[in-house]
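Spelled out from the first residue to the last, the chains are:
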Protein chains: 2
Amino acid sequence: MAVKLTLAYDGTAYHGWQRQHRLRTVQGTLEDALQQIAGEPVVLYGAGRTDAGVHAEGQVAHFLSTRCLTPTDWTRALNALLPMDIAVRAAEGVPDTFHARFSAKEKQYLYRIHNGTIRDVHRQHLLWHIPKRLNVGRMRKAAAFLVGDHDFTSFCASGSLQKDTHVYLKAIVIQKRKDEITLTFTAQRFLWRMVRNLVGLLVKVGTGAVLPETLPAILDARDRRAAGPTAPAHGLYLLKVAYD
Amino acid sequence: MAVKLTLAYDGTAYHGWQRQHRLRTVQGTLEDALQQIAGEPVVLYGAGRTDAGVHAEGQVAHFLSTRCLTPTDWTRALNALLPMDIAVRAAEGVPDTFHARFSAKEKQYLYRIHNGTIRDVHRQHLLWHIPKRLNVGRMRKAAAFLVGDHDFTSFCASGSLQKDTHVYLKAIVIQKRKDEITLTFTAQRFLWRMVRNLVGLLVKVGTGAVLPETLPAILDARDRRAAGPTAPAHGLYLLKVAYD
């Protein structure tokens, strides 16, 4: 039986998604809980690897188990065993051909910025605090140059082994509500650190350090050094993974 | 020169407001920062003592110092020295007769409840998670019995030395937005743990365990054992302290 899980977690206390020897990771924590319930080792396949400190509202993962529980029972048993900063939002039975990563049609990432003078004492690990006022109009103008089919080498982490750097970036939605600015990115797939690198540059546009009109040249450079810094991990959320 | 500070803090990592030997407290942390700036020991007087784990959005405190800095400079210097979970929202010069506690005319406390089935992985320390659906209408009906001038002995922490247990509770406002329920309490003064004890009972009304109509009898009992349990500290915020 294959089970698909929809997961939320706070990445603050974890060394990212992927299981690592002797380090506390989200995948490792979930696999330990699954093994306790199933009474056998369980391998969990995630739709995307989130880096250390990155959060998720809708990570998707699947596993196979000979233990026959209803989706509701898996949800209850897991939520009872898991630490408070990981939650199973939903579980459902899926065909054995389902694969959280390879069946995914689209992903959505959210980046949250706190754009206020005084720091938010409660949400230091949840939003990137930028005291300097950002111009959202300019950021939207720059984002328009990024949407579409491009070679995103300038926004791909140096050291990445990804060969195909062409990505169809379907949408970037930038919203402002009170002192919070959110950026939502939608694409079929993303390169390593791509969202954080895009946010890093868009923030430089927002402060006025980079002009929106220079975006095409930055893309054309196909050089990570041409773009801005990498935004910190703690403002990033894997929001949604869509399937057929 | 007397300076009035308006403070926000996340109480999670602190043993409450009041300075204690060898324990990390909000007052102690602030006094240490003030001493570093002033070059002399500084005593800080808070409007209200918050218990361990309780947060503040608008705690008020004052201090006297021979060091002459503008309010803006005090704010900047303190925010640069303080840990990220304490922030000075405002500073202003006040007459030497001003006292954060004795000049206060009114206080407002906020209590936040997360009333949803699945736990909120990001805000475990910011809201009281109650998975069982609460009936807000019933809670409001019960709250109406509490507003006004009453002897609140039934809601005063046992072991408290407070002699005058009469409080004029000006208002209780209960609001629901999505899966968050907030309760705002306004009064000239509060007894020790009074807000958390009121919330503990109002939640029992919300689940149906206590009927709103029994509230007058609970007040009349003048016995802590007549009321409900104490709500946890981490949902409570000192929201505002008002002065003339």
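The next thing to look at is the domain arrangement of chain A. Residues and elements named next belong to chain A. Segmentation of chain A into domains returns domain 1 (2-94) and domain 2 (106-242). Relative placement of domain 1 and domain 2: their C-alpha centres are 27 Å apart. Summed over both sides, the interface of domain 1 with domain 2 buries roughly 1100 Å², with 58% coming from carbon and sulfur. In this assembly, domain 1 and domain 2 are joined by 2 salt bridges. In this structure, Arg-196 and Asp-51 form a salt bridge, with 3.6 Å as the shortest nitrogen-oxygen distance. Where domain 1 packs against domain 2, one counts 10 residue pairs in polar contact (both at pLDDT 80 or more). For the side of domain 1 that touches domain 2, a count of residues per class yields 5 nonpolar, 7 polar and 3 charged.

Residue and element names in this part refer to chain A. The first and last C-alpha atoms of helix 1 (residues 26-38) sit 18 Å apart over 13 residues, in line with the 18 Å expected at 1.5 Å per residue. When you tally the buried positions in helix 1, you get 10 out of 13 residues, the bulk of the element. Taken together, the buried positions of helix 1 are Val-26, Gln-27, Gly-28, Thr-29, Leu-30, Glu-31, Ala-33, Leu-34, Ile-37 and Ala-38. Structurally, helix 1 contributes buried residues whose contacts are with strand 1 (2-9), strand 3 (55-64), helix 2 (71-81) and strand 4 (86-94). For helix 1, the side-chain oxygen to backbone nitrogen distance between the N-cap and Gly-28 is 3.0 Å, and the N-cap itself is Thr-25.

Our focus in this paragraph is the relation of the copies chain A and chain B. Put simply, the two copies of the chain differ by a rotation about an axis and a shift along that axis. Laying chain A over chain B is done by rotating through 180 degrees and shifting 0.0 Å along the axis; what remains is an RMSD of 0.0 Å. One copy is carried onto the other by what is essentially a two-fold rotation axis. Residue Arg123(A) of chain A places its C-alpha closer to the rotation axis than any other residue of that unit, at 4.4 Å. Both copies present the same face, since 100% of the interface residues in chain A are matched by interface residues at the equivalent positions in chain B.

This part takes up the packing of helix 3 (residues 136-146) of chain A against helix 4 (residues 194-207) of chain A. Residues and elements named next belong to chain A. Running from amino to carboxyl end, helix 3 crosses helix 4 at an angle of 140 degrees, the nearest separation of the two axes being 8 Å. Comparing the axis directions of helix 3 and helix 4 gives the class oblique. Helix-helix and strand crossings are classified by hand; for helix 3 and helix 4 the assignment is right-handed. Across the interface between the two elements, Arg-138, Met-139, Ala-142, Ala-143 and Leu-146 of helix 3 pack against Leu-198, Leu-202, Val-205, Gly-206 and Thr-207 of helix 4. Across the contact of helix 3 with helix 4, the residue classes break down as 7 nonpolar, 2 polar and 1 charged.

Our next topic: the environment of Cys68(B). Residue and element names in this part refer to chain B. Inspection of the secondary structure assignment puts Cys-68 in the loop between strand 3 (55-64) and helix 2 (71-81). Accessibility expressed as a relative area gives 66% for Cys-68, which makes it exposed. The spatial distance from the C-alpha of Cys-68 to the C-alpha of Ala-2 is 9.9 Å, given a sequence separation of 66 residues.

Side chains bearing opposite charge may pair, as long as their charged atoms lie close to each other. Residues and elements named next belong to chain A. This structure, assessed with the given rule, holds 30 salt bridges over all chains. One salt bridge in this structure joins Glu-180 and Arg-112, with 2.7 Å as the shortest N-O distance. With Glu-180 in strand 9 (residues 180-187) and Arg-112 in strand 5 (residues 106-114), this residue pair connects regions lying 68 residues apart in the sequence. With respect to class, Glu-180 is no different from Arg-112; both count as buried. For Arg-222, the salt bridge goes to Asp-151, with nearest N and O atoms at 3.0 Å. Separated by 71 residues along the polypeptide, Arg-222 in the loop between helix 5 (215-221) and strand 10 (236-242) and Asp-151 in strand 7 (residues 148-151) bring together distant segments of the chain. Exposure remark for Asp-151: the relative accessible area of 11% places this residue in the buried category.

About the criteria used
- Residues numbered from 1 in each chain as written.
- Chains lettered and ligands numbered in written order.
- Predicted model: local features only at pLDDT ≥ 70, side-chain atom pairs only at ≥ 80, totals over all residues.
- Heavy atoms only, no water.
- Domains from an automatic or database assignment.
- Buried area = accessible area lost by both parts, 1.4 Å probe.
- Salt bridge = Lys/Arg side-chain N within 4 Å of Asp/Glu carboxyl O.
- Polar contact = N/O pair within 3.5 Å; in protein donor to acceptor, adjacent residues only side chain to side chain.
- Nonpolar A, V, L, I, M, F, W, Y, C, P; charged D, E, K, R; others polar.
- Helix = DSSP H or I, 4+ residues; strand = E, 2+ residues; numbered from the N terminus.
- Expected span 1.5 Å × (residues − 1).
- Buried < 20%, exposed > 50% of the residue type's maximum accessible area, 1.4 Å probe, protein only.
- Contact = heavy atoms within 4.5 Å.
- Least-squares fit on C-alpha atoms with pLDDT ≥ 70 in both.
- Axes fitted to C-alpha atoms, helices over the stretch in contact; angles between N-to-C directions.
- Parallel < 35°, antiparallel > 145°, perpendicular 65-115°, else oblique.
- Left-handed = near helix turned anticlockwise from the far one by under 90°.

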